[in-house]
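# Structural description and commentary
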Amino acid sequence: MDLYLLVKWAHVLSSTILFGFGAGTAWYLWNAHLTRDPATIAGVGRMVVRADWIFTGTSGVVQPASGLMLVHLAGYSLREPWLIVTCLLYVATFACWAPVVWLQIKAQRLAQAAMENGEPLGADYHRAMRLWFALGWPAFLSLLGVFWLMIAKPQLW
């Protein structure tokens, strides 16, 4: 197997993991949130945070590394318009994802505390989840754009 195909396989696999785990963990945390049950939210939140660090975080590092290798191996210029926009969208995704992870940790801890104290979820929890939800959409849409640009490689200007 040649190096280009091996790196391309790693790039496609890591993009699948990045997108799949990102969407999957968001789905599970959102559905746990909808129960309004602190115990459910705390338990699911622990799994979501762990999965995001292990899978989403790791693939988020593999993506740009393998992408840069592919650019080099395929002979593309880093000044290709589709590649510039891809990088900008990827940075936007990360700029949303980093606070989302922090908000997941915060929401999980607040749910854990509410469960342990026998209290309902407080205003801090609900604020964290509203911001988590608001930041999740631009990250999701940015990654959809990255996928399209990786496949189409359009001439943008």
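Quick note: structure is the one above.
Rules of the game
Residues numbered from 1 in each chain as written. Predicted model: local features only at pLDDT ≥ 70, side-chain atom pairs only at ≥ 80, totals over all residues. Heavy atoms only, no water. 1 Å grid on protein atoms, 1.4 Å probe; cavity = no way out; pocket = protein on both sides within 12 Å on 5 of 7 lines; lining within 4 Å. Points joined across faces, edges and corners; volume = space filled by probe spheres on them. Helix = DSSP H or I, 4+ residues; strand = E, 2+ residues; numbered from the N terminus. Nonpolar A, V, L, I, M, F, W, Y, C, P; charged D, E, K, R; others polar. Core = buried A, V, L, I, M, F, W, Y, C linked by side-chain atoms within 4.5 Å. Buried < 20%, exposed > 50% of the residue type's maximum accessible area, 1.4 Å probe, protein only. Contact = heavy atoms within 4.5 Å.

## Brief notes about the layout of surface pockets
Unoccupied space between atoms shows up once a probe the size of one water molecule is rolled over them. What the largest pocket holds in volume is close to 670 Å³. In this structure, the largest pocket is lined by 26 residues; those nearest its centre are Gly-22, Ala-23, Ala-26, Gly-136 and Ala-139. Of all the secondary structure elements, the ones that give two or more residues to the lining of the largest pocket are α1 (3-35), α2 (38-74), α3 (81-117) and α4 (123-152). Sort the elements by how many residues they give to the lining of the largest pocket and α1 lands first, with 8 residues. When grouped by side-chain class, the residues that make up the lining of the largest pocket number 17 nonpolar, 8 polar and 1 charged. Counted as a void, the second largest pocket has a volume near 570 Å³. Lining the second largest pocket are 25 residues; nearest its centre among them are His-11, Gly-67, Leu-70, Trp-82 and Met-150. At the level of elements, α1, α2, α3 and α4 are the ones that each hand at least two residues to the lining of the second largest pocket. If you tally residues by element for the lining of the second largest pocket, the top one is α2, at 7 residues. Broken down by class, the residue content of the lining of the second largest pocket amounts to 18 nonpolar, 5 polar and 2 charged.

## Focus: empty space enclosed by the protein
As enumerated under the stated definition, the model contains 1 cavity of 30 Å³ or more in all. In this structure, the largest cavity spans a volume of roughly 50 Å³. Along its surface, the largest cavity is lined by Ser-15, Leu-18, Phe-19, Gln-63, Tyr-90, Leu-143, Val-146, Phe-147 and Met-150. At 4 residues, the largest contribution of residues to the lining of the largest cavity is made by α4. Class assignment of the residues belonging to the lining of the largest cavity gives a composition of 7 nonpolar, 2 polar and no charged.

## Regarding the nonpolar core
When a protein is soluble and globular, its nonpolar side chains tend to lie buried together. Grouped together as the largest cluster of nonpolar side chains are 19 residues, with contacts concentrated most on Ile-41, Leu-121, Tyr-125, Met-129 and Trp-132. Residue assignment for this core shows that the elements contributing at least two residues are α1, α2, α3 and α4. Setting aside residues up to four positions removed in sequence, Met-129 forms contacts with Leu-29, Trp-30, His-33 and Ala-107.

Functional significance is not addressed by these values, which are geometric in nature.
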